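Coordinates in review
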Amino acid sequence: MRVTFTVNGSQQTVDDVWEGESLLYVLRERCGLPGSKNACEQGECGSCTVYLDGSPVCACLVAAGQAEGRTVRTVEGLSDTGLDPVQEAFLDAGAVQCGFCTPGLIVQAHDLLERVPDPEDAEIREALAGNLCRCTGYEKILDAVRLAAARRTAK
Amino acid sequence: MTTVDMRYTGSALDRVEGLEKVTGRARYAFENFPADLVYAVPVQAAIARGEIRAVDVDAVLEHPGVIAAIWYGNAPRLVPSDNADLAVFQSRRVAYRGQYIAVVVAETYEEAKEAARLLRVEYAAEDHDVRLRADHPNMYRPEKVNPNYPTDTEHGDPDTALTVAPVLVDATYSTPAEHNNPMEPHATVAEWDGDALTLYDSTQGASGVRDTVAPLFGVPPANVRVISPHVGGGFGSKGGPSPYVIIAALAARHVGRPVKLAVTRQQMFAVTGYRTPTIQRVRLGANADGRLTAIVHDAFEQSSTITEFAEQTTTPTRIMYAAPHRRTTHRLVRLDVPTPSWMRAPGECPGMFALESAMDELAIACQIDPVELRIRNEPDADPESGLPFSSRNLVACLREGARRFGWADRDPAPGVRRRDRLLIGTGVAASTYPVYRRPSQATAQAHRDGRFTVRIAAADIGTGARTVLTQIAADTLRTSPDQVLVEIGDSALPAASLAGGSMGTASWGTAVVRACEALVEGLDRRDGDLPAAGMESSADTTEEIGAQRRLSRHAFGAQFAEVGVDTDTGETRVLRLLGVFAAGRIINPKTARSQFIGGMTMGLSMALFEESIMDLEFGDYLNRDLAQYHVAACADVRDIEALWVEEDDPHLNPMGTKGIGEIGIVGTAAAVANAVHHATGVRIRDLPIRLDKLMR
Ligand code: FES
Ligand code: FES
């Protein structure tokens, strides 16, 4: 089948998509956007988190066909101008190690701050509980989210 | 030994590849797209032991997109080697359930997956044996344990000493099989050009993969190039090539096109290694004042029928505490299970769970504070080899940790502190990890514009290797980090040891320092402009490391945990976790702190969640995904902190580092279990600390 959707601001048409393919697969293998990661393929790790019409979803759980006519934003398109404050904070706080969980976490944290500009620690932990990171022990990821929140509210 | 001047080493430089990672531009193994590529999906054995009678290749070739199906019956022969795990499709035998026995190659991933699912395999199954028990009749004494330690050690007369000891602890502990589960599943893209093979692989050591893979295909190592600039974690499971790498290369050669192969999360539970389950008996004999007279630590472990992997479980006991009479042993049984492999602090991690739990039991038996008990048994020199320690600051870590944690005046009585529904307790345990260093090579090049390039086939699996090597090079070259480009993650670069054994910085850093020193000397001697090609120097540390003085080199640490156990549900939460480490000089406090805390969190995860359950009926691990194999999530971690004590050890390497990748996970589970005992009065000797064990 053919799927047409908007990714990071530009319209994409992908042909010969098999009905069972996930949005994640189409992004990574067919659209040249491997920033979103595949770490479990079944909704358990959050590595594949992208925005679908403004809501964060596990792209591995969305059938490619469901994206038809809709808008997708991935880590590659989070900011039109340089770095988003969340990306910047992940860099500055040292919240990145191997980096495999990072794109999903950044999208998830971005969404949290859009909804809750000044979250409590418990809210951050809960919001990010679906994004597994095996390297950092999460501490610096928390630091990064706090830092991004502080910078966003200061602006 | 010459040492590096500290200017940038010791500073919190931002991760040099951080920008690529936060923008999604960093390319991992599976994200390479050579022209004309095809997808491979391997098929796993559905029996735990037996033979493959037949595979119906023809039927799947009819499916859309399918290019080939390869198994023993039609696979090209590999050159025999002593690594039976890598001899893929070279025999009809099935050694464990989940073993890769065939592969389907197709135009798209979905076509390959579907055909792999439909591939009909006929087996002749045999009875399997997958249950580890200490009294297994086939337990044997391996000749050595990993990487090259004596299997057993004995000093004095431990049996008599235990009989006459005024205080005796005799307890048996167990740790389950655990799976590394790095977030990036193992993946490779294999491409042949004539007799030359390129592998984009997710590996902890490009040079090692090249050297292992090349002979299997009968080509010289120079014909194989392994590229892995970014690796999404490994924790030991990407230490050497696993069977999937060989399958990808074999399939690519067979079909004459580049092949992409990703191990799925579910498959990882059979084919990319795991930590062996252990059963450990610890006996401690002591005087009433807590001074140890005897330590005996016996470990029972498993390996597969095809490969002997003998984990060094009791080796930390050989160096931890003073006692005149002592014995450590390892016994192994070969079962119809997947081959175990390295997982973060193999040996030390499960071994120290047992020893440090037993020390807590001894503290209670002697009515001595557990911090004080450890200090009382501090040895002057390595208790078994008699060698001096290059430095040993366990006591400093215990004291500093106790101070920071607020340990003083702790009431030792178990089960008496309540906060709402919670029973509260605190526990302590020591950590240790050996300091290894392996020969490596490096080059350093000065460019005419004042910039430098340093090259070494090191791996950054998330540790921060690229960043700390940049700092080390900048200091040695007397320049700033932004003038230095460090190239790693490619076997075409000067050969290097793998990212494992917490020895990356020590091994690669030494080579980088020597290459940079030689370059500085060359530049100092020269007047006038550099030629267009700049100037390059190289180093090989084989001799330097071979000549190093014999000393007992280890990092130490102390971990303190506070837990709350819900009296209604039995659920345990780690409310506070503090680690204090003595690990030589810390090159980068930002990346180091994250490494320590990451290790401690994996230790918390080991204490409370991680457990691969063997299905005795079918003979494989039952919980094969992240929904059923739990690893600590963000909400499982509360207040966690890692600190280090200053340690200036001149006997290590030019940087004065000890390695920090693994020590963080060592001792954590014991600290948590000891805290659970303090909270509830229930001693959990079998990990993980599940609520049903507390509710009994
Ligand atoms: S890959 Fe989608 S949740 Fe893990
Ligand atoms: S940084 Fe490696 S999984 Fe999070």
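It should be emphasised that the depicted structure is a prediction, and the values quoted were computed from it without experimental measurement.

Considerations on the overall build of chain A
For chain A, the count of helices and strands is five helices and five strands. Mapped from its N terminus to its C terminus, chain A presents α and β elements in the order β-β-α-β-β-β-α-α-α-α. With respect to the principal axes defined by its C-alpha atoms, chain A has extents near 45 × 30 × 20 Å. Every one of the 155 residues in chain A was classed for burial, and the buried ones make up 58%.

Observations concerning the interface of chain A and chain B
Interface size, as often reported, equals the accessible area lost upon joining of the parts. Facing 42 residues of chain A, the contacting portion of chain B comprises 42 residues. Taken together, the elements giving at least two residues each to the side of chain A that touches chain B come down to helix 2 (85–93), helix 3 (102–115), helix 4 (121–127) and helix 5 (139–154) of chain A. When the residues that make up the side of chain A that touches chain B are grouped by side-chain class, the tally is 20 nonpolar, 12 polar and 10 charged.

Focus on the pairing of strand 5 (residues 100–106) of chain B
Residue and element names in this part refer to chain B. The buried count for strand 5 comes to seven of seven residues, which makes it a mostly enclosed element. Where strand 1 (residues 38–44) and strand 5 come together, six bridges link them in antiparallel fashion. Directly across from Val 41, in strand 5, lies its bridge partner Val 104. Examined bridge by bridge, strand 3 (residues 66–71) and strand 5 share five bridges and lie antiparallel to one another. Paired with Ala 69 across the strands is Val 104, a residue of strand 5.

Section: the nonpolar core
Taken as a class, soluble globular proteins show a tendency for nonpolar side chains to be buried jointly. Of all hydrophobic cores here, the largest spans 269 residues; its most connected members are B:Val104, B:Val454, B:Ala473, B:Val512 and B:Val672. In terms of residue count, helix 9 (residues 348–366) of chain B provides more of this core than any other element does, 10 residues in total. Mapping this core onto the domain boundaries places at least three of its residues in each of domain 1 (3–74) and domain 2 (85–154) of chain A. In contact with B:Val672, not counting residues within four places along its chain, are B:Gly427, B:Ala561, B:Val563, B:Val574, B:Leu604, B:Ala607 and B:Ile689.

Re the packing of helix 2 of chain A against helix 3 of chain A
All names here are of chain A. Remark: helix 2 packs on helix 3, axes separated minimally by 9 Å, with the N-to-C direction vectors making an angle of 125°. Comparing their axes, helix 3 and helix 2 come out oblique. The crossing of helix 2 and helix 3 is right-handed. Of helix 3, the residues touching helix 2 (which contributes Val 86, Gln 87 and Phe 90) are Thr 102, Ile 106, Ala 109, His 110 and Leu 113. Within the contact of helix 2 with helix 3, the residues separate by chemical class into five nonpolar, three polar and no charged.

With respect to the domain arrangement of chain A
All names here are of chain A. Structurally, chain A comprises domain 1 (3–74) and domain 2 (85–154). For domain 1 versus domain 2, the separation of C-alpha centres amounts to 22 Å. Facing the 12 residues of domain 1 at the interface are 10 residues of domain 2. If one sorts the elements of the side of domain 1 that touches domain 2 by residue count, strand 3 (residues 49–52) sits on top with three residues. Split into classes, the residues belonging to the side of domain 1 that touches domain 2 amount to six nonpolar, five polar and one charged.

Focus on helix 6 (residues 243–255) of chain B
Residues and elements named next belong to chain B. Helix length check: helix 6, at 13 residues, gives a terminal C-alpha distance of 18 Å against a target of 18 Å (1.5 Å per residue), a fit within 8%. The buried count for helix 6 comes to 10 of 13 residues, which makes it a mostly enclosed element. Along helix 6, the residues classified as buried are Pro 243, Tyr 244, Val 245, Ile 246, Ile 247, Ala 248, Ala 249, Leu 250, Ala 251 and Ala 252. Phi for Gly 256, located one or two positions after helix 6, is positive at around 70°.

Remarks on unusual backbone geometry
Residues and elements named next belong to chain B. Note the cis peptide between Asn 146 and Pro 147, where omega equals -15°. Mapping Pro 147 onto the fold places it in the loop between strand 7 (144–145) and strand 8 (149–150). In this chain, Leu 687 is followed by Pro 688 through a cis amide linkage whose omega measures -10°. Structurally, the position occupied by Pro 688 is in the loop between helix 16 (668–680) and helix 17 (691–695). Backbone geometry at Phe 89 places phi at a positive 60°, although glycine is not the residue there. Mapped onto the fold, Phe 89 is located in the loop between strand 3 and strand 4 (93–94).

Regarding the sheet that holds strand 10 (residues 167–175) of chain B
Residue and element names in this part refer to chain B. Spatial strand order, 9-17-16-15-10: five strands in an open sheet with mixed pairing. One side of each edge strand has no neighbouring strand; the edge strands of this open sheet are strand 9 (153–155) and strand 10. The average angle at which neighbouring strand axes cross in this sheet is 10°, direction not considered. Alignment of strand 15 (residues 278–286) against strand 16 (residues 292–304), held across nine bridges, turns out to be antiparallel. Looking across to strand 16, one finds that Ala 286 is bridged to Leu 292. Where helix 9 meets the sheet, its contacts fall on strand 10, strand 15 and strand 16, and the angle it forms with strand 10 comes to roughly 150°.

Rules of the game
- Residues numbered from 1 in each chain as written.
- Chains lettered and ligands numbered in written order.
- Predicted model: local features only at pLDDT ≥ 70, side-chain atom pairs only at ≥ 80, totals over all residues.
- Helix = DSSP H or I, 4+ residues; strand = E, 2+ residues; numbered from the N terminus.
- Buried ≥ 20, exposed ≤ 12 C-beta atoms within 10 Å, placed from the backbone.
- Contact = placed C-beta atoms within 7 Å.
- Nonpolar A, V, L, I, M, F, W, Y, C, P; charged D, E, K, R; others polar.
- Pairing = 2+ DSSP bridges.
- Core = buried A, V, L, I, M, F, W, Y, C linked by C-beta atoms within 7 Å.
- Domains from an automatic or database assignment.
- Axes fitted to C-alpha atoms, helices over the stretch in contact; angles between N-to-C directions.
- Parallel < 35°, antiparallel > 145°, perpendicular 65-115°, else oblique.
- Left-handed = near helix turned anticlockwise from the far one by under 90°.
- Expected span 1.5 Å × (residues − 1).

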